[in-house]
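Spelled out, the chains give:
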Amino acid sequence: MDLPQNPFKRAIYAGQQQIGFWNSMVSTTATEILAGSGFDWLLIDAEHAPNEPASLMAQLQAMMENTTHPVVRVPENDPIVLKRCLDIGTQTFLIPMVETVEQAEAAVAATRFPPNGIRGFAGASRASRYGRVANYHARAHEEICILVQIETMQGLDNLEAIAAVPGIDGLFIGPGDLSADMGHLGNQGHDDVVALIEKTIKRIVAAGNRAGILTPDETLARRYMAAGCVYTAVGIDTGLLARQTEAIARKYKA
Ligand SMILES: O=C(O)C(=O)C[C@H](O)[C@@H](O)CO
C-alpha cells in the first residue's frame with residue numbers, strides 16, 4: 001500500500017484556496033455529514049471540544065468516503081498528544097497558542113522520527129494502515145502538515161521567526177484569542193482587530209509561509225482571502241445548528 005498523500009498540504013503550497021469548516025460536535029454522524037458538504041477541509045476540534053484520540057479516530061474513519069481533508073486541532077502543543085494523534089492517522093495538525101520559535105521547533109520535532117525528531121515508534125498503527133504502508137516510517141513526514149496558531153501579541157512579535165522554522169507549513173490566525181489579547185474580547189469584528197489581522201496575513205505571505213483563518217462572517221472571509229489567506233474556514237457547526245434551529249422554533253413559537 002502506498003503512503004496516503006496529503007492533498008491539502010499540496011494545495012496550500014500551490015496557493016490553491018482551501019475552504020474549510022469547523023467541526024466541534026464530537027459525532028461521527030455530524031462529521032460524516034459535514035465531510036459530504038463540499039468543503040476542502042474539515043477542522044476536527046480537540047481544543048474547544050471534548051474530543052480524545054478514540055473519538056478523533058472514529059471521525060477520521062467516518063470521513064474516508066469523501067475527499068474533504070481532516071485537520072485535527074490538538075488541545076495543546078504536547079509531544080505525547082501529537083504522537084497519539086499521529087498514530088491514529090492524522091496528517092494535518094492545527095496547533096494552538098504557538099508564540100515562540102522554540103515552541104514551533106518542538107511541534108515539528110514531535111512529528112518526526114529520530115534522528116530528525118522525537119516521535120515514538122509504532123510498528124502497526126492506523127497511521128501506517130497497520131503496517132501495510134511500505135516504508136511508512138521513512139516517508140511519513142512528507143505528508144504531515146503542521147499549521148500553528150498565531151493568536152497572541154507575543155506570537156505576532158515572533159511571527160517571521162516562526163514562519164521560518166523548517167517544517168512549519170502554515171500560520172493560522174486565531175481571531176478570537178487575538179482580539180481578546182488586544183483588549184477586544186468577543187469583538188473579532190472591531191476595526192483595529194480586522195486591520196491587524198489583514199496586516200498579519202500579509203506578513204505571513206511576505207515571510208513565504210501560508211496564512212489561514214476562521215471567520216463565519218462572509219465579508220471578513222472574503223477580505224482575508226483577498227489579503228492572502230489560502231486556507232479559510234467559513235463556518236462553525238455548533239453555532240450554525242443553534243442559530244438555524246432557533247430560527248425555525250421562532251416561526252412556530254413566537
Ligand atoms: O482564536 C480563535 O478564534 C480560534 O482559535 C477559533 C476558536 O477557538 C473556535 O472555537 C471558534 O470560535
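Everything discussed here concerns the structure shown above.
Thresholds, definitions, all that
Residues numbered from 1 in each chain as written. Predicted model: local features only at pLDDT ≥ 70, side-chain atom pairs only at ≥ 80, totals over all residues. Heavy atoms only, no water. Near = heavy atom within 4 Å. Polar contact = N/O pair within 3.5 Å; in protein donor to acceptor, adjacent residues only side chain to side chain. Areas by Shrake-Rupley, 256 points an atom, 1.4 Å probe, with all protein chains shown as cover. Helix = DSSP H or I, 4+ residues; strand = E, 2+ residues; numbered from the N terminus. Contact = heavy atoms within 4.5 Å. Salt bridge = Lys/Arg side-chain N within 4 Å of Asp/Glu carboxyl O. Buried < 20%, exposed > 50% of the residue type's maximum accessible area, 1.4 Å probe, protein only. Core = buried A, V, L, I, M, F, W, Y, C linked by side-chain atoms within 4.5 Å. Pairing = 2+ DSSP bridges. Arc of directions from axis to C-beta. Phe/Tyr/Trp six-rings, centres within 6.5 Å; stacked < 30°, edge-to-face > 60°. Lys NZ or Arg CZ within 6 Å of the ring centre and 35° of its normal.

Engineer: Where do I start with the site of the ligand in this structure?
Structural biologist: Taken together, W22, H48, R73, Q149, E151, G174, P175, G176, D177, L214 and I236 make up all the residues around the ligand. A distance of 2.9 Å separates an oxygen atom of the ligand from a polar atom in the side chain of R73. In the environment of the ligand, an oxygen atom lies 2.9 Å from a nitrogen or oxygen atom belonging to the side chain of Q149. Relative to its unbound accessible area of 330 Å², the ligand is 81% covered by the protein chains.

Engineer: Please explain the side chain of D45 as it appears in this structure.
Structural biologist: Inspection of the secondary structure puts D45 in strand 2 (residues 41-45). Among the polar contacts made by the side chain of D45, one reaches the main-chain amide nitrogen of H48 at a distance of 3.3 Å. Those residues within four positions of D45 in sequence are excluded, and the remaining contacts are W22, N23, S24, N51 and R73.

Engineer: Hey, could you run me through unusual backbone geometry in this one?
Structural biologist: Glycine aside, residues mostly have negative phi angles, and peptide bonds mostly take the trans form. In this model, P114 is joined to P115 through a cis peptide bond whose omega is 5°. Within the secondary structure, P115 is located in the loop between helix 5 (101-110) and helix 6 (136-139). We note that M97 has phi near 55°; this positive angle belongs to a residue other than glycine. Position of M97 relative to the elements: it lies in the loop between strand 4 (92-95) and helix 5.

Engineer: Please clarify how the pattern of salt bridges should be interpreted in this entry.
Structural biologist: Any two side chains of opposite charge can pair, given that their charged atoms come close. A full pass over the atoms with the stated rule returns nine salt bridges. With its nearest N and O atoms 2.6 Å apart, the salt bridge here joins R10 to E143. Of the two residues, R10 sits in helix 1 (residues 7-13) while E143 sits in the loop between helix 6 and strand 5 (145-150), which places them 133 residues apart along the sequence. Assessed through its relative accessible area of 40%, R10 is described here as partly exposed. A salt bridge links R223 to E198; the shortest N-O distance between them is 2.8 Å.

Engineer: How should the nonpolar core be read in this particular structure?
Structural biologist: For soluble globular proteins, nonpolar side chains are generally found buried alongside one another. Of all hydrophobic cores here, the largest spans 48 residues; its most connected members are I95 and L171. Sort the elements by how many residues they give to this core and helix 10 (residues 191-206) lands first, with six residues. In this structure L171 touches V148, I150, L159, I162, A163, I204, N209, R210, A211, G212 and Y231, once residues within four positions along its chain are discounted. In terms of nonpolar packing, the next biggest core, distinct from the first, is built from 14 residues, F8, V71, L147 and L214 among them.

Engineer: I tried to follow the pairing of strand 5 on my own but got confused; where do I start?
Structural biologist: Successive side chains on a regular strand alternate, one facing one side of the sheet and the next facing the other. The buried count for strand 5 comes to six of six residues, which makes it a mostly enclosed element. Side chains of strand 5 alternate between two faces, with C145, L147 and Q149 and I146, V148 and I150 buried alike. The pairing of strand 4 with strand 5 spans four bridges and is parallel. Within strand 5, the residue paired with L94 across the bridge is L147.

Engineer: What should I look at first to understand helix 2 (residues 28-35) in this one?
Structural biologist: Taken as a whole, helix 2 has its buried residues at A30, T31, L34 and A35. Axial view of helix 2: buried residues confined to an arc of 130°, hence all on one face. The backbone nitrogen of T29 has a side-chain oxygen 3.2 Å away, supplied by the residue at the start of helix 2, namely S27.

Engineer: For this particular structure, what's the right way to read the packing of aromatic side chains?
Structural biologist: For any pair of aromatic rings, the description consists of the separation of the ring centres together with the inter-plane angle of the planes. Per the counting criterion, the structure on display carries seven aromatic pairs. With 4.9 Å between their ring centres and 25° between their planes, F21 and F39 make a pair best called stacked. Placement of the pair is F21 in strand 1 (residues 18-23) and F39 in the loop between helix 2 and strand 2, with a sequence separation of 18 residues. Classification of F21 by relative accessible area gives buried; the value is 6%. Cluster of aromatic residues (ring-pair linked, three or more members): F8, W22, W41, F172 and Y231. Between the NZ or CZ atom of R210 and the centre of the ring of Y13, over which it lies, the distance is 3.7 Å.

Fair warning: the whole summary comes from geometry, so function is off the table for now.
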